[in-house]
Amino acid sequence: MVEEAQFTSYYGRPIIKPPVWKSPEVPLYLFLGGAAGSSAVLGALADVTGRPHLTRVARLTAGGSSIASVGFLIIDLGRPERFLHMLRVLKPTSPLSVGSYILAPFSAAAGATAAVELLGWFPRLKRFGGAVAAVFGGPLATYTAVLLSNTAVPSWHAFHGKMPFVFGGSAMAAGGGLCLAFTPLAESAPAHKMAIIGAGIELAALRGIERNDSIVAEPYHRGRAGKLMQAAKACTASGLGLAVLVGRTRPGAVVSGVLLAAGSLLTRFGVFEAGVASAEDPKYTVVPQRERLAARQAGDRVASNGHASTITR
Amino acid sequence: MTSISSVSAAYTGRDPDHRLYGPLPDVQGEAGYDGDHPARVGFFTDTSVCIGCKACEVACKEWNALPMDDSHGTRDVIGLSGMSYDNTGQLGANTWRHVAFIEQSRPVDLPTPTFGRPGDDRQDSGPSPADGPRDTQAAAQQSVLNAEALSEFDPQTGQSGTDKQIRWLMSSDVCKHCTHAGCLDVCPTGALFRTEFGTVVVQGDICNGCGYCVPSCPYGVINQRKGDGRVFKCTLCYDRLTDGLMPACATACPTQSIQFGNLDELQARADARLATLKRQGVETARLYGRDEDDGVGGAGAFFLLLDEPEVYGLPPDPIVTTRDLPAMWRSAAAAAAMIIGVALSAVLGSRRTR
């Protein structure tokens, strides 16, 4: 553990404003968006390879999760009745604007596909809707990492290169896990594989963040965020182990699938809380910036993206 | 129209025109205004002459009809911060000017109690007309005051032969109206916009309260108003500017600590003021937000400070978050492709049992 850093602040007050996003709405949105995106991709591929049960489960997961995630996103707005203002403009500099143009077509396509799947109407339209959802599924699962990273929150911004892989892996663990849990064994092999690979990527990318020796990795180990990250890793690792060992039995599939989804959910809560904690303590704003300044003044060539993680302490 | 052309910068990472980062000589032009737009305006806040009267805070609240709040930004609550003469606490949705107050003490060796005008005790501060009489005065004091007596007199300041010298720092903080404004970049609705004066303003009838601008400001200026849901911040009195008036805070400031004007004129004035102070031996004076090569491309509202920025609650090296956005989009695209690849190999690599 790094020793306590010396720094100055204005009466210990935060420098940046902590996010005003609501919890649990926003972490739930991150989780549901990931599960929806990855299961939509899985569903479309299962459809074209003739796996009707897996297709059905994946479509219902994608549709249900995306509709719920839209609901949580709207509830989080300060003026929910103005949610359509999100589609006034398209700004590539705003991940939330780009994300709105990913989420809107995705949730429309995935929601409609899930609805006709339940009702049993229009089989061709179903395949088209599933394909549209699959196109937007990957971006939906990873844009949320950019959403968090593209802020001044130290413990989010510093890891902007790794966060999309945490979220992408977590999305596959959640989507694959849920599809694994609810699909008959005869067709669940693709979900089983996706869940295992996704959980592996999630754990590896998380390790890359937590093992970073920069001070901004500290909030991932401390307090509420630290406990959530521990729980997330425990769920994901045990889910991964069970999936490998007994994932091809019905009870094993259910238990490991649910554990992987729970791990993904806890990861989103942990990352969210770590960011909030790093914003609330001026240490995480001042110390990395001081290090950056010191490195610049020492004439060191700071890497072009100039982050604290590249500077030795 | 112009937002289309900024697509390339955000996606490719090539930013030769400094659309995301770096100096930008014509911010209004970059935002799409015609060549005959007004000059860029701003604030130069010279904290070396701030007396902490908070007239700027009052004028701002009055003109902009801002709700009352306490030092933590809680609306419609009155209360003392309990930390200093600063009961305003921070900038936020309901506070667009905030006078920071810092009391600093440093140990000095007795017997040199400080009397007379501020600065007279500073070494190398040049000749003083009081030099002659002051020497005899100090000698007289030495004869009656000693460390022991003083420490008995005031146990708080007298500690083992040293006394403390006190100075007060006061600084009126405000939205920086950055050249590259994080809040403006990330706003998904277009509620935040660049005015013809080069300032950054929220349109209250557009903002849907998504809150994305709040953690994206590297200075922690903008915030959501509880009970309203939308975000608010300094408009640099956009309404007054369009009528040819000065912003309320600059109008109210009794010491010209807050100076309003065209940005290039203010920059020249600040450079001259810094040179004067340096010549007078104020080694700690520095300009903050003046450098157009800094992380936000220079600020429209910049400061002359007498200590490190973080002492005043300002970030020492702020960088607009969207500088790294091209790299983020590339990572997200790679991760999305990874999901497709994993799903494809999972599906194609599994044999159907039926």
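Fair warning: this is a prediction, and the values are worked out from it, not measured in the lab.

**What to know about the overall build of chain A**
Helix and strand counts for chain A stand at ten helices and zero strands. Traced from its N-terminal end to its C-terminal end, chain A shows the element sequence α-α-α-α-α-α-α-α-α-α. For chain A, the C-alpha radius of gyration of 21 Å lies close to 20 Å, the compact-globule estimate for 313 residues. Each principal axis of the C-alpha atoms in chain A carries an extent, and together these give about 65 × 50 × 30 Å. Every one of the 313 residues in chain A was classed for burial, and the buried ones make up 64%. A sequence separation of at least 24 residues applies to 76% of the contacts in chain A between residues at least 6 apart.

**A word on the overall build of chain B**
A count of helical and extended segments in chain B gives eleven helices and ten strands. Going through the 354 residues of chain B one by one, you find that 44% of them count as buried. Nonlocal contacts in chain B, meaning residues at least 24 apart in sequence, comprise 65% of its contacts between residues at least 6 apart.

**Some remarks on the sheet that holds strand β9 (residues 286-288) of chain B**
Residue and element names in this part refer to chain B. Here we have four strands laid out as an open sheet, ordered β8-β1-β10-β9, and mixed in their pairing. Strands at the two margins of the open sheet, each flanked by one partner only, are β8 (258-262) and β9. Strand-to-strand, the axes of this sheet are offset by a mean angle of 20°, without reference to chain direction. Pairing between strand β1 (residues 41-46) and β8: five bridges, direction antiparallel. Within the sheet, the bridge partner assigned to F43 lies in β8 and is F260. In this fold helix α10 (residues 263-279) packs onto β1, β8, β9 and β10 (301-305), with an angle of close to 135° to the strand it touches most, β8.

**Digging into the interface of chain B and chain A**
In this assembly, 64 residues from chain B lie in contact with 72 residues from chain A. Those elements that place two or more of their residues in the side of chain B that touches chain A are α1 (2-12), α6 (182-186), α7 (213-216), β6 (223-224) and α11 (325-348) of chain B. Looking at the side of chain B that touches chain A, the element that brings in the most residues is α11(B), giving 17 residues. Looking at side-chain class alone, the side of chain B that touches chain A contains 35 nonpolar, 21 polar and eight charged residues.

**Some remarks on the nonpolar core**
A:A195, B:C183, B:C213 and B:I339 are the most contacted members of the largest nonpolar core, which totals 185 residues. What B:I339 contacts, discounting residues up to four positions off in sequence, is A:S38, A:V41, A:G138, A:A141, A:G168, A:A171 and A:M172.

**Examining the pairing of β10(B)**
Residue and element names in this part refer to chain B. Summarising burial for β10: five of the five residues are buried, a large majority. Alternating residues of β10 divide into A301, F303 and L305 and F302 and L304, and every residue in both groups is buried. Bridging between β1 and β10 involves four bridges; their strand directions are parallel. When the bridges of β10 are listed, T45 appears paired with F303. Pairing of β9 with β10 involves three bridges; the strand directions are antiparallel. What sits directly across from Y288, in β10, is F303.

**Focus: helix α4 (residues 123-149) of chain A**
Residues and elements named next belong to chain A. The terminal C-alpha atoms of α4 lie 40 Å apart, and with 27 residues this matches the ideal 39 Å at 1.5 Å per residue to within 8%. F136 marks where α4 bends most, by close to 35°; the proline P139 follows one to four residues later. Judged by how many residues are buried, α4 sits mostly within the fold: 19 of 27 residues are covered.

**Considerations on the packing of helix α6 (residues 163-182) of chain A against helix α9 (residues 250-280) of chain A**
All names here are of chain A. For the pair α6 and α9, the least separation of the axes is 7 Å and the interaxial angle reads 150°. Viewed along their axes, α6 and α9 adopt a mutual orientation that is roughly antiparallel. As for how α6 packs across α9, the hand of that crossing is left-handed. Within the contact between the two elements, α6 uses V166, S170, A173, A174, G177, L178, L180 and A181 and α9 uses A253, V254, S256, G257, V258, L260, A261, G263, S264 and T267. Residue composition of the contact of α6 with α9, grouped by class: eleven nonpolar, seven polar and no charged.

**Things to note about the environment of A:V287**
All names here are of chain A. Here V287 lies in helix α10 (residues 282-297). Taking the C-beta count within 10 Å as the criterion, V287 has 24 such neighbours and is therefore assigned buried. Sequence separation between V287 and S214 is 73 residues; the distance between their C-alpha atoms is 9.9 Å. Residue contacts for V287: discarding those within four places in its chain leaves A5, F7 and I215.

**What to know about the confidence of the model for chain A**
Across chain A, pLDDT averages 94, with 94% of residues at or above 70. Taken together, the stretch residues 300-313 of chain A has pLDDT below 50 and engages in 25 contacts with residues farther than four places along the chain or on a different chain.

**What to know about helix α3 (residues 55-64) of chain B**
Taken residue by residue, α3(B) has B:A55, B:C56, B:A59, B:C60 and B:K61 as its buried positions. Looking at the residues trailing α3(B), positive phi occurs at B:A65, about 50°.

**Some details on the packing of helix α1 (residues 25-48) of chain A against α11(B)**
Direction vectors running N to C along α1(A) and α11(B) enclose 40°, while the axes themselves pass 10 Å from each other. Overall, the two elements α1(A) and α11(B) adopt an arrangement that is oblique. The hand of the α1(A)/α11(B) crossing is right-handed. Residue-level inspection shows A:S38, A:V41, A:L42, A:L45 and A:A46 of α1(A) in contact with α11(B), the latter providing B:I339, B:I340, B:A343, B:L344 and B:V347. For the contact of α1(A) with α11(B), the residue count by class is nine nonpolar, one polar and no charged.

**Considerations on the environment of B:A301**
All names here are of chain B. The topology assignment puts A301 in strand β10. A residue is classified by how many C-beta atoms lie within 10 Å of it, and A301, with 25 of them, is buried. Placed twelve residues apart in sequence, A301 and G289 show a C-alpha to C-alpha distance of 7.3 Å. Setting aside residues no more than four positions away along its own chain, A301 makes contact with G42, F43, T45, V174, C175, K176, H177 and G289.

Thresholds, definitions, all that
- Residues numbered from 1 in each chain as written.
- Chains lettered and ligands numbered in written order.
- Predicted model: local features only at pLDDT ≥ 70, side-chain atom pairs only at ≥ 80, totals over all residues.
- Helix = DSSP H or I, 4+ residues; strand = E, 2+ residues; numbered from the N terminus.
- Rg over C-alpha atoms; globule rule 2.2 N^0.38 Å.
- Buried ≥ 20, exposed ≤ 12 C-beta atoms within 10 Å, placed from the backbone.
- Contact = placed C-beta atoms within 7 Å.
- Pairing = 2+ DSSP bridges.
- Axes fitted to C-alpha atoms, helices over the stretch in contact; angles between N-to-C directions.
- Nonpolar A, V, L, I, M, F, W, Y, C, P; charged D, E, K, R; others polar.
- Core = buried A, V, L, I, M, F, W, Y, C linked by C-beta atoms within 7 Å.
- Expected span 1.5 Å × (residues − 1).
- Bend = angle between axes of the 7 residues up to and from the residue.
- Parallel < 35°, antiparallel > 145°, perpendicular 65-115°, else oblique.
- Left-handed = near helix turned anticlockwise from the far one by under 90°.
- pLDDT = per-residue confidence, 0-100.

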